[in-house]
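Inside the fold
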Amino acid sequence: MIDLQEGVFLKKVITYGTFDMLHQGHLNILKRAKELGDYLIVGVTSDDFDSRRGKINVQQSMMERVEGVKETGLADQIIIEEYEGQKIDDINRFGIDIFAIGSDWQGKFDYLSEFCKVIYLERTKGISSTKIRSKNNHLKLGLVGKAKRLWKVANEAVSINGIDIVGTSGAGYDRRLKKLNNYSFDQLIERVDAVFIESDVNNRYEQIKYSLECGKHVLCDLPMAIGRRQQKELLEIAQKKDIVLMSGIKTAYSTAYYRLILMVKSGEIGKVLSVETTCTSLSESSKLSNYSENNIWSAMDAWGATALMPIFQVLGTNYVNKTIISKKIDSYFDLFTKMDFIYKDAVATAKIGKGVKSEGEMIISGTKGYIYVPAPWWKTDYFEIRYEDQNKNKRFFYELEGEGFKYELVNFLRAINHRRTLSYTGNDVLEEISQIYEEFYNRKGIIRI
Ligand code: C2G
């Protein structure tokens with residue numbers, strides 16, 4: 001095309017890719033694409049676009065990948081690919097003559113030939129980001145605890161390049177995990193680089209402490225410990241030893257949830273006045289009287305931390321007052337608990353139940369509008385921002401593969417490799433949640449009905 005400013009004929013080529021851990025295959029394609037014309041535009045995928053198209057174990061951040069492409073010196077211009085359908089827009093916008101892409105995409109982009117020439121360049125054999133990733137970061141992971149969902153974790157981990165599940169400890173009775181080796185806790189720790197802990201709440205502190213002291217990274221469900229002091233101690237050990245200790249509430253790592261919190265923090269709904277969360281389940285309610293004996297998780301153990309997390313992430317932990325009302329069926333097991341928090345200029349409520357069912361939604365109300373996440377909000381893939389004028393309402397959907405453990409594990413891997421995680425769960429949130437569990441177990445200020 002004629003470049004109007006320069007008045008010369010420039011043959012413009014465009015190519016796209018993730019370019020994670022830039023390698024020879026990428027270099028070859030960029031070189032060949034460049035040779036096809038005079039001016040090369042490289043579209044680097046945004047983290048968001050990649051996760052939406054199912055590429056979630058990308059190791060480098062978008063900025064690092066852009067840097068990688070820049071360093072090759074082959075791109076005359078670098079742009080970010082953010083959405084489906086952008087290629088057509090780019091081709092028209094930049095006046096592209098040739099679209100070039102690797103032969104692994106053969107046929108997939110023929111539809112672009114309506115707009116410019118489409119060329120598939122032969123892919124370099126024997127090298128890929130996937131191969132490099134699995135060579136570099138083979139993380140040996142152990143699963144600790146009795147929680148039923150550990151098999152789901154194992155299941156979703158299979159598709160993550162760079163994580164090997166070495167075995168379990170304490171989960172041996174679960175037939176779905178029978179294929180894995182079951183070890184004693186110390187034996188497992190000896191064999192792994194990191195552990196995923198979802199054990200009984202009371203065992204976690206000791207298990208985490210031991211793991212950290214042995215130099216193993218830890219991903220643990222919340223609460224990690226009972227009481228602020230213990231939680232603080234664990235965080236300090238991790239920091240001192242430069243080991244990752246990360247919250248295992250998977251909701252925090254789903255793209256939709258992360259986006260939602262980001263929007264609230266950026267003032268999209270104005271000043272937040274109220275956060276309401278509800279999490280309940282009925283699944284094991286048939287034997288009400290046997291709850292404690294059968295070691296079934298109470299409402300607080302199963303749901304408390306999840307329901308509290310968005311409250312503390314959005315409003316912080318400096319509330320002025322709180323009221324906790326609990327329907328207990330014995331001294332240990334709460335069937336239903338309602339936690340109310342009063343802040344200087346906001347309020348929050350978390351309702352949780354095990355053996356009681358309610359609408360599992362989340363509503364965050366602000367001075368300009370509110371965010372509505374339909375049930376089950378803790379598996380967030382969709383939310384709405386609603387305003388007074390309904391025509392202005394916005395809907396957001398981000399695909400969530402499986403139950404979302406994948407995103408959490410990928411983030412864990414990233415945190416270990418780059419000391420960087422995608423979540424708003426700060427240390428204050430972890431400490432406050434641990435503190436509430438301590439007060440709850442000690443029945444401090446709990447109103448029992
Ligand atoms: N490539 C190659 N040889 C390899 C590996 C990759 O020629 N051994 C090419 C790919 O075919 C692609 C480019 O390098 O053209 C970037 O590859 P990726 O980073 O894997 O990105 P990809 O997922 O192919 O993204 O919508 C199309 C995408 O944006 C292309």
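Right above here is the structure, for reference.
Along every chain, residues carry numbers that run from 1 in the direction the sequence is written. Totals for whole chains, interfaces and linings use all residues, but because this is a predicted model, local features are given only for residues with pLDDT of at least 70 and pairs of side-chain atoms are given and counted only at 80 or more. Each side-chain value is worked out from all heavy atoms of the structure, with water and hydrogens disregarded.

For Phe, Tyr and Trp, rings pair up if their centres lie within 6.5 Å, where Trp contributes its six-membered ring, and each pair is then called stacked (planes under 30 degrees apart), edge-to-face (over 60) or tilted (otherwise). With the rule as written, the count across this model stands at 16 aromatic pairs. Pairing W303 with W378 gives two aromatic rings, centres 4.6 Å apart and planes at 55 degrees, and the pair type is tilted. With W303 in helix α11 (residues 299–315) and W378 in the loop between β19 (370–373) and β20 (382–386), this pair connects stretches of sequence that are 75 residues apart. Here F312 and Y319 contribute two aromatic rings whose centre-to-centre distance is 6.2 Å and whose plane-to-plane angle is 20 degrees, an arrangement assigned as stacked. Of the residues examined, Y319 reaches a relative accessible area of 16% and is grouped as buried. Here a set of aromatic residues connected by ring pairs shows up, and it is made of Y16, F99, W105, F109 and Y111. Taking NZ or CZ as reference, K328 lies 4.6 Å from the ring centre of F440, over its face. Only DSSP runs of H or I reaching four residues or more are called helices, and only runs of E reaching two or more are called strands; each is numbered from the N terminus. For every residue, the accessible area obtained with a 1.4 Å probe (protein chains only) is divided by the maximum for its type, and the residue is called buried under 20%, exposed over 50%, and partly exposed between those limits. We call a charge positioned above a ring when the Lys NZ or Arg CZ atom is no farther than 6 Å from the ring centre and deviates by at most 35 degrees from the ring normal.

The next thing to look at is the pairing of strand β14 (residues 272–281). By the criterion of burial, β14 is predominantly enclosed, with eight of the ten residues buried. Any two strands are treated as partners once DSSP identifies two or more bridges connecting them. Pairing geometry for β14 and strand β18 (residues 362–366), over five bridges, is antiparallel. Residue S274 lies in a different strand from β18, and its bridge partner there is S365. In this sheet, strand β17 (residues 347–354) lies alongside β14 in parallel orientation, the contact comprising eight bridges. Looking across to β17, one finds that T280 is bridged to G353.

Let's shift gears to the environment of V66. Considering the arrangement of structural elements, one finds V66 in helix α3 (residues 62–72). Here the alpha-carbon distance between V66 and V42, two residues 24 residues apart in the chain, equals 9.3 Å. Two residues qualify as a contact provided that any one of their heavy atoms is within 4.5 Å of a heavy atom in the partner residue. The contact partners of V66, leaving out residues within four places of it in the chain, are V44, I78 and I80.

Here, axes are lines fitted to C-alpha atoms. For helices the fit covers the stretch in contact, and angles between N-to-C directions go from 0 to 180 degrees. Relative to each other, helix α6 (residues 150–157) and helix α12 (residues 405–418) sit at 70 degrees, their axes nearing to 9 Å. Classified by the angle between their axes, α6 and α12 sit roughly perpendicular to one another. Remark: the crossing between α6 and α12 carries right-handed chirality. Seen from α6, the contacting residues are K152, V153, E156 and A157; seen from α12, they are F405, K406 and L409. When the residues that make up the contact of α6 with α12 are grouped by side-chain class, the tally is four nonpolar, no polar and three charged. Any angle that falls under 35 degrees is termed roughly parallel, while one over 145 is termed roughly antiparallel, one within 65 to 115 roughly perpendicular, and all others oblique. Two helices that cross are described as forming a left-handed crossing if the nearer one is turned anticlockwise from the farther one by less than a right angle, and a right-handed crossing if clockwise. Each residue is assigned to one of three groups, with Ala, Val, Leu, Ile, Met, Phe, Trp, Tyr, Cys and Pro labelled nonpolar, Asp, Glu, Lys and Arg labelled charged, and all others, Gly among them, labelled polar.

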